[in-house]
Amino acid sequence: MPEDGDGEGGSGGSDASPRAPVPGVPPESVDSSPLVPRESGRTIGVAFVRFTPRTPHDPRVVVWNKRSPSGAAAFRQLRQQLIAGDDPHTILCTSANPGEGKTTLAANLALAYAEIGRARVLLIEGSLRAAALSEVFGFKPPIGFGAQLVRHRSLPDEPWVVVQVGTQPLFVMAAEPHRCPQCAAPLPEDARFCGRCGTTVGHVAADTLDAAGFVAAARRLRETFDYLVIDAPPVLARGGVHEVKDVADAVVLAALKGHSRRRDLRRTVEQLSPKTIAAVALLDE
Ligand SMILES: Nc1ncnc2c1ncn2[C@@H]1O[C@H](COP(=O)(O)OP(=O)(O)O)[C@@H](O)[C@H]1O
Ligand SMILES: [Mg+2]
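Residues numbered from 1 in each chain as written. Chains lettered and ligands numbered in written order. Predicted model: local features only at pLDDT ≥ 70, side-chain atom pairs only at ≥ 80, totals over all residues.

### A look at the overall build of the protein chain
Then step 1. Helix and strand content of the protein chain: 7 helices and 9 strands.
Then step 2. Counting across all 285 residues of the protein chain, residues that qualify as buried make up 44%.
Then step 3. If you take every contact in the protein chain between residues at least 6 apart in sequence, the share linking residues at least 24 apart comes to 75%. (Helix = DSSP H or I, 4+ residues; strand = E, 2+ residues; numbered from the N terminus. Buried ≥ 20, exposed ≤ 12 C-beta atoms within 10 Å, placed from the backbone. Contact = placed C-beta atoms within 7 Å.)

Following this line, the structure appears as structure tokens:
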């Protein structure tokens, strides 16, 4: 819950203000506490640091945005629809193309699950080349997911480090966002130049996800968290959703009103087959 104390993470009416300056603030508590896996009883599990979100919130966090109560209600309704169906516990959020609302969907759906209160929810960055979760919530990851995947290859029993956002049981496994080497502004996927200062950044190679490492990590993390929500890569662009989709119990597809094309959605459904799509979330720009 954000510091302004609103029951649902309200933004104190300042959500239209300019975005908080990047690169975000480190989580305030660096004393990590272990989260012991519920089922296995192993003592090596997950460590977390706490972070209290500050206003202004990123406009994509609809559940915290008082100006769109219907949008927040729609994410809670989607959560209820999933629970009432097969109640998937690992949910992959994807879309046909970049920029169609995967991060918005994943962040708000994870918040909606965390509102239940008794379920531990982990929101995971599933696309290192389009890392966005630390920017969305405004923290600096103590150690990025990409670095943790590399570390776990040689040290598989090291605890995973996640960030608890607010006081609800929402935990985030965020990768280090790609930033402009000149002004540190976060860069969208495939950026050729920085939108803030104009620096050419096209030569900076984006990290690719270690798919096998990701799948193993997701399985391990599922032992500790009740729900995993994955902010996955898009289906029709390069980026590897096909290598990670099998870890999911359900796929939810984001589509942007007035932007996503029917033909692309059809191709997306075909390419995800035989995985079926549990729901489509139609988002407003
Ligand atoms: N920092 C931001 N502030 C405001 N709107 C944004 C920001 N980043 C993305 N958006 C807009 O929100 C919509 C969904 O973005 P996002 O959820 O990040 O998509 P994806 O994760 O699929 O790339 C897009 O229309 C995008 O232009
Ligand atoms: Mg995204």
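### Let's talk about helix H1 (residues 69-84)
Then step 1. Compared with the 22 Å implied by 1.5 Å per residue over 16 residues, the 22 Å span of H1 between its first and last C-alpha is a close match.
Then step 2. All buried positions along H1 are accounted for by Ala 72, Phe 75, Leu 78, Arg 79 and Leu 82. Mapping the buried residues of H1 onto a view down its axis gives an arc of 115 degrees, with all of them on the same face. Exposed side chains of H1 directed beyond 90 degrees from the buried face belong to Pro 69, Ser 70, Gln 77, Gln 80, Gln 81 and Ala 84.
Then step 3. Those residues of H1 that are buried lie in contact with strand E3 (90-95), helix H2 (102-114), strand E8 (250-256) and strand E9 (277-283). (Expected span 1.5 Å × (residues − 1). Arc of directions from axis to C-beta.)

### Details of the environment of Ala 175
Then step 1. For Ala 175, the location among the structural elements is in the loop between strand E6 (170-173) and helix H5 (211-222).
Then step 2. For the pair formed by Ala 175 and Glu 125, sequence separation is 50 residues and the distance between their alpha carbons is 6.3 Å.
Then step 3. Here Ala 175 is in contact with Glu 125, Leu 128, Ala 131, Gly 144, Phe 145 and Gly 146, once residues within four sequence places are set aside.

### Thoughts on the confidence of the model for the protein chain
Then step 1. Averaged over every residue, the pLDDT of the protein chain is 82; the share at 70 or more is 81%.
Then step 2. In the model of the protein chain, strand E1 (residues 33-35) stands out as the element of lowest mean pLDDT, 52, in contrast to strand E7 (residues 227-231), which has the highest, 98.
Then step 3. Below a pLDDT of 50 lies the segment residues 1-23, which in the model reaches 53 contacts outside its immediate sequence neighbourhood of four places, other chains included.
Then step 4. In this model residues 28-33 is a low-confidence stretch, pLDDT under 50, and it forms 13 contacts with partners more than four residues away in sequence or in other chains. (pLDDT = per-residue confidence, 0-100.)

### A few points about the site of ligand 1
Then step 1. The immediate surroundings of ligand 1 are formed by 15 residues, with Gly 99, Gly 101, Lys 102, Thr 103 and Thr 104 found nearest.
Then step 2. Considering each element in turn, the shell around ligand 1 owes the most residues, 3 residues, to H2. (Near = placed C-beta within 6 Å.)

### Concerning the nonpolar core
One recurring pattern in soluble globular proteins: nonpolar side chains tend to sit buried together.
Then step 1. Among the nonpolar cores identified, the biggest contains 74 residues, and Cys 93, Leu 109, Ala 110, Val 121, Leu 123, Val 172 and Val 229 are the most heavily contacted of them.
Then step 2. Residue contributions to this core peak at 9 residues, all from H2.
Then step 3. Setting aside residues no more than four positions away along its own chain, Leu 109 makes contact with Phe 75, Leu 78, Arg 79, Ile 91, Cys 93 and Val 229. (Core = buried A, V, L, I, M, F, W, Y, C linked by C-beta atoms within 7 Å.)

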